[in-house]
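Here's the letter readout for the chains.
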Amino acid sequence: QVQLVEPGGGLVQAGGSLRLSCRASGRPFSVYAMAWFRQAPGNEREFVAAISPSGSITYYADSVKGRFTISRDNAKNTVYLQMNSLRPEDTAVYYCAQGPWTGDYVRRGDQYDYWGQGTQVTVSS
């Protein structure tokens, strides 16, 4: 049974930083792409960042490029999202996702077959 567990999240002031983590279990971690998506109230889920199985390739949404960094530790079965220079518009529930590596299609949510439970990130102004 595949599980993605996301501790972390929380409340931070604008301009601050936060690091999310997501630990996976149930199938070989190092052969799957990992990604972060987010959903704010009243909005559709949107892509944030993705990383290839080896960690050598990353993708970012334009809205977070230069502020967020996705990384993974395959020895720990964990993916991270370091979020710096946070803005109120980054407030959302953040979800990690796992699925096959599909190159340019990694921005599509339907490419992922397992999802975490989500963790709330709130950025105050």
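This text goes with the structure placed above it.
Residues numbered from 1 in each chain as written. Predicted model: local features only at pLDDT ≥ 70, side-chain atom pairs only at ≥ 80, totals over all residues. Heavy atoms only, no water.

Here the focus is the overall build of the chain. A tally of helices and strands in the chain yields zero helices and eleven strands. In the chain, the succession of α and β elements from N to C terminus is β-β-β-β-β-β-β-β-β-β-β. Relative to the globule expectation of 14 Å for 125 residues, the C-alpha radius of gyration of the chain, 13 Å, shows essentially globular dimensions. Projecting the C-alpha coordinates of the chain onto the three principal axes gives extents of approximately 40 × 25 × 25 Å. (Helix = DSSP H or I, 4+ residues; strand = E, 2+ residues; numbered from the N terminus. Rg over C-alpha atoms; globule rule 2.2 N^0.38 Å.)

Turning our attention to the state of the cysteines. Under the defined criterion, the tally for this structure stands at one disulfide. The disulfide partner of cysteine 22 is cysteine 96, and the S-S distance across this bridge is 2.0 Å. In this structure the cystine formed by cysteine 22 and cysteine 96 twists about its S-S bond by roughly 50°; its chirality is therefore right-handed. Highlighted residues: cysteine 22 in strand 3 (residues 18-25) and cysteine 96 in strand 9 (residues 92-99), separated in sequence by 74 residues. Residue cysteine 96 is classed as buried on the basis of its relative accessible area, which comes to 0%. (Disulfide = S-S within 2.5 Å. Buried < 20%, exposed > 50% of the residue type's maximum accessible area, 1.4 Å probe, protein only.)

Read across the open sheet, the four strands follow the order 1-3-8-7; overall the sheet is antiparallel. Of all the strands in the sheet, the pair left with one neighbour each is strand 1 (3-5) and strand 7 (68-73). Between one strand axis and the next, the sheet turns through 15° on average, direction left out of account. Of the pairings in the sheet, the one linking strand 7 to strand 8 (residues 78-83) comprises six bridges and is antiparallel in character. In the sheet register, serine 71 faces strand 8, and the bridge partner there is tyrosine 80. (Pairing = 2+ DSSP bridges. Axes fitted to C-alpha atoms, helices over the stretch in contact; angles between N-to-C directions.)

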